[in-house]
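# Close look at the chain arrangement
These are the residues of each chain, in order.
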Amino acid sequence: MKLQSWDLFLKHIADEYQLKGRLKETFLVRFAYENWRKPDKQVWDLAETASLETYKKQMTSIYACFANDKPQGCPDLDLQGKGPGKFTILKEWLKDQKYPEWWRQSQGPGSSPSLIPWQSPIPIESRLYIERPPIEADCYRELLAPGTLIRIKSPEKTGKTSLLKNILAYAQTHQHHAVYLNFQEAESAVFNHLDRFLRWFCANVSRALDIPPHLDEFWAEDLYGSLMSCKSYFQGAILQPLTQPLVLGLDNVDRIFEYPQIAADFLPMLRSWNEDANMLEIWQTLRLVLAHSTEVYVELDVNQSPFNIGWPVQLPGFTSAQVQRLGTVLGLDWSRIGTAVADQLVDLVGGHPYLVKLALEALATGRQDWPHLRAEAATQGGIYGAHLRELWDRLQGQPELAQILRELAIAEGSLTLAPSQTYRLESMGLVKLKGDEVTLSCALYRQYFQTQL
């Protein structure tokens, strides 16, 4: 999710690190939020560089400005190093380290708590993290069981990554090793071949554990196949050296659904690893936590899918009480506007955490009052205008989905959709699934799409 004023932050960083001319322009384009997942061959054209080769030279110069041997450089950005791409390393450092520093400085001393940037994920110690009992306690209990598997399902911007990372933080308090791997950060080329993907997977887990990725010592694709090579490496190079259990948190697993040839082998492999815990003690030390936005729509044998075993977690929207708790953290005086507003907000946005927070922040800062906010919520000029336009833009290239939303908005009923249609709409948080039927997820979307489609 894009952080507040990210584009302004990038300009500040470019000036701080003295990027000028074409280097500055290329930096701003490459690290723009909307370009994070785009390959270099697409970005160089957006940056309007003379050629792909010229673009690569400019990126090399940019990395040199942030290298770990430079003052205030990125500690993990070694120009001679191998492994994960330099772009990912620098992007994550800017997002996780430099951006929070810049934000605090830009707000100045004594700034309002409501101006805390809505980052994702939210640490559990943050006042902005609102627990949804008994979900957290149940996950922590399950985590300590040998060979456990936890499945978190939740649409975009509803808190699954925050929960996942808090589970990993809890694991560390019990002396477990914890590794977070986000499949959204993988380049598209990684998914071109199963062997390449599995090597990427193992190398990144190894890197997080500070284990040298000596893959070739365990890998024999031609002799044993990629899956067995991956299992051999994971058991021999990762699990055996560790003296404490390993909790592996895999985020945005549904990215793999987009590559059926990878999903058909990788997902059953995770299932088999979990089943190995029933027979082999070493595999009991591996605990898996999977987070995904939608139901899996890749065809998998029921006995091979990791999504019908383990501990399922489906994050609900905030309740009225949770909305009130978050509003209090943001400085909202409920005695002034009345707690009934919390109930009405839940009805409007279905308790969607991100949409709830936008409204509470506006109310707490006095930028809008509730009657005005509610009246204009579904309009281009309302508080949700940017969010709704983003959804609208995404639907323009998918007329099939736009037509489905139109039917749902007008008929105010439910529909039975193809799995791939449900997958795409549910991942955007536009629909709720009950059995085989889908309905619009909240009144806000109904009001907006009734007038726009």
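Our structure is the block above this text.
Summarised in this report is the structure supplied together with it. (Residues numbered from 1 in each chain as written. Predicted model: local features only at pLDDT ≥ 70, side-chain atom pairs only at ≥ 80, totals over all residues. Heavy atoms only, no water.)

## Some words on the overall build of the protein chain
The line we're drawing: Per the convention used, a helix needs a DSSP run of H or I reaching at least four residues, while a strand needs a run of E reaching at least two, with both numbered from the N terminus. Atoms counted for the radius of gyration: C-alpha only. Globule rule: 2.2 Å times residue count to the power 0.38. Here the term buried applies to any residue with accessible area under 20% of the maximum for its type, exposed to any over 50%, and partly exposed to those in between, with areas from a 1.4 Å probe on protein chains only. The criterion used for residue contact is that any of the two residues' heavy atoms lie within 4.5 Å. Computed with the Shrake-Rupley method and a 1.4 Å probe, the accessible areas treat only the protein chains shown as cover for residues. In this tally, Asp and Glu contribute negative charge and Lys and Arg positive charge; neither His nor the terminal groups of the chain are included. Where a charge sits is defined by one atom per residue type, namely NZ (Lys), CZ (Arg), CG (Asp) or CD (Glu).
Check the secondary structure of the protein chain and you find 21 helices and 8 strands. Compactness check: the protein chain gives a C-alpha radius of gyration of 23 Å against a globular reference of 22 Å for 453 residues, within 12% of the reference. Dimensions along the principal axes, computed over C-alpha positions, put the protein chain at roughly 65 × 55 × 45 Å. Going through the 453 residues of the protein chain one by one, you find that 48% of them count as buried. Taking the contacts inside the protein chain whose residues are at least 6 apart along the sequence as the reference set, 68% of them involve residues at least 24 apart. Split by element, the accessible area of the protein chain, about 21100 Å² in all, is 50% carbon and sulfur. Each charge class in the protein chain was averaged separately, 45 positive and 53 negative side chains, and the resulting centres sit 5 Å apart.

## Quick notes on a nonpolar patch on the surface
Put simply, the test is: Surface patches are defined over residues having more than 30% relative accessible area and no salt bridge, joining like charges when they lie within 9 Å and nonpolar side chains (Val, Leu, Ile, Met, Phe, Trp, Tyr) when within 5 Å. The salt bridge criterion pairs a side-chain nitrogen of Lys or Arg with a carboxyl oxygen of Asp or Glu, the two atoms within 4 Å.
On the surface, a cluster of nonpolar side chains totalling about 390 Å² of accessible area is made up of Leu-223, Tyr-224 and Met-228. For Leu-223, the position within the fold is in helix H9 (residues 221–224).

## Here we look at the packing of aromatic side chains
Rules: In this analysis, rings of Phe, Tyr and Trp, with Trp reduced to its six-membered ring, are considered paired at centre separations within 6.5 Å, and the interplanar angle assigns stacked below 30 degrees, edge-to-face beyond 60, and tilted for intermediate values. Two conditions define a charge sitting above a ring: the NZ of Lys or the CZ of Arg must be within 6 Å of the ring centre, and it must be within 35 degrees of the ring normal.
Going through the model one piece at a time under the given rule, you end up with 29 aromatic pairs. For the pair Phe-9 and Trp-102, a centre-to-centre distance of 5.6 Å together with 55° between the ring planes defines the contact as tilted. Here Trp-102 lies in helix H5 (residues 86–107) and Phe-9 lies in helix H1 (residues 6–16), a separation of 93 residues in the sequence. An identical accessibility class is assigned to Phe-9 and Trp-102; each is buried. Ring-pair connections join several aromatic residues into one group, and the members of that group are Phe-183, Phe-191, Phe-197, Trp-200, Phe-201, Phe-234, Tyr-259, Phe-266, Trp-273 and Trp-283. When the ring centre of Trp-311 is taken as origin, the NZ or CZ atom of Arg-141, which lies over that ring, is 5.2 Å away. Over the face of the ring belonging to Tyr-180 we find Lys-165, whose NZ or CZ atom lies 4.2 Å from the ring centre.

## Overview of the side chain of His-292
Summarising the element assignment, His-292 is placed in strand E4 (residues 286–292). With sequence-adjacent residues up to four places away left out, His-292 is seen in contact with Ile-152, Lys-153, Ser-154, Lys-160, Val-253, Asp-254 and Phe-307.

## Some remarks on the pairing of strand E7 (residues 431–434)
Put simply, the rule reads: Note on pairing: DSSP must find at least two bridges between two strands before they are called paired.
Two elements, E7 and strand E8 (residues 437–440), share 4 bridges in a ladder whose sense is antiparallel. Paired with Leu-433 across the strands is Val-438, a residue of E8. Between E7 and E8, which pair antiparallel and follow one another directly, the connecting turn spans 2 residues, one of which, Gly-435, has a positive phi of 65°.

## Some remarks on the sheet that holds strand E3 (residues 246–251)
Let me state the cut-off plainly: Only the stretch in contact is used when a helix axis is fitted, and all axes are lines through C-alpha atoms; the angle between N-to-C directions ranges over 0 to 180 degrees.
The 5 strands lie next to each other as E2-E3-E4-E1-E5, forming an open sheet whose pairing is parallel. The open sheet terminates on both sides in strands that have one partner only, identified here as strand E2 (177–182) and strand E5 (311–314). Neighbour to neighbour, the strand axes of the sheet diverge by 15° on average, direction disregarded. Pairing geometry for strand E1 (residues 149–153) and E5, over 4 bridges, is parallel. Of the residues in E5, the one forming a bridge with Ile-150 is Trp-311. Sitting on the sheet, helix H7 (residues 160–173) is in contact with E1, E2, E3, E4 and E5, with an inclination near 170° to E3.

## Here we look at helix H16 (residues 353–365)
Since there are 3.6 residues in each turn of an α-helix, residues three or four apart along the chain are aligned in direction. The condition is simple: Residue count minus one, scaled by 1.5 Å, sets the expected span of a helix.
When the terminal C-alpha atoms of H16 are compared, their 18 Å separation across 13 residues agrees well with the 18 Å that a helix rising 1.5 Å per residue should span. The buried fraction of H16 is high, at 11 of 13 residues. Contacts made by the buried residues of H16 are with helix H13 (320–329), helix H14 (334–337), helix H15 (340–349), helix H17 (370–375), helix H18 (385–396) and helix H21 (443–452). Of the residues trailing H16, Gly-366 is marked for its positive phi of about 80°.

## With respect to the packing of helix H2 (residues 21–30) against helix H4 (residues 52–66)
Rules: Just so you know how the angles are binned, under 35 degrees is roughly parallel, over 145 roughly antiparallel, 65 to 115 roughly perpendicular, and the rest oblique. As a working rule, the residues Ala, Val, Leu, Ile, Met, Phe, Trp, Tyr, Cys and Pro are called nonpolar, Asp, Glu, Lys and Arg charged, and the rest polar, with Gly in that last group.
Relative to each other, H2 and H4 sit at 90°, their axes nearing to 10 Å. The angle between the axes of H2 and H4 places the two elements in the roughly perpendicular class. Mapping the contact onto sequence places Arg-22, Leu-23, Thr-26, Phe-27 and Arg-30 in H2 and Tyr-55, Gln-58, Met-59, Ser-61, Ile-62 and Phe-66 in H4. Taken together, the residues of the contact of H2 with H4 break down into 6 nonpolar, 3 polar and 2 charged.

## As for the nonpolar core
To be explicit about the condition: Joining through side-chain atoms within 4.5 Å is the link that ties buried Ala, Val, Leu, Ile, Met, Phe, Trp, Tyr and Cys residues into a set, and such a set is a nonpolar core.
With 68 residues, the main nonpolar core has Ile-152, Tyr-384, Leu-430 and Leu-444 as its most contacted residues. With 8 residues, the single largest contributor to this core is H16. The residues contacting Leu-430, other than those within four sequence positions of it, are Leu-391, Leu-395, Leu-405, Leu-425, Thr-439, Leu-440, Ser-441, Tyr-445 and Phe-449. By size, the runner-up hydrophobic cluster in this structure holds 47 residues, among which are Leu-194, Ile-211, Leu-246 and Leu-250.

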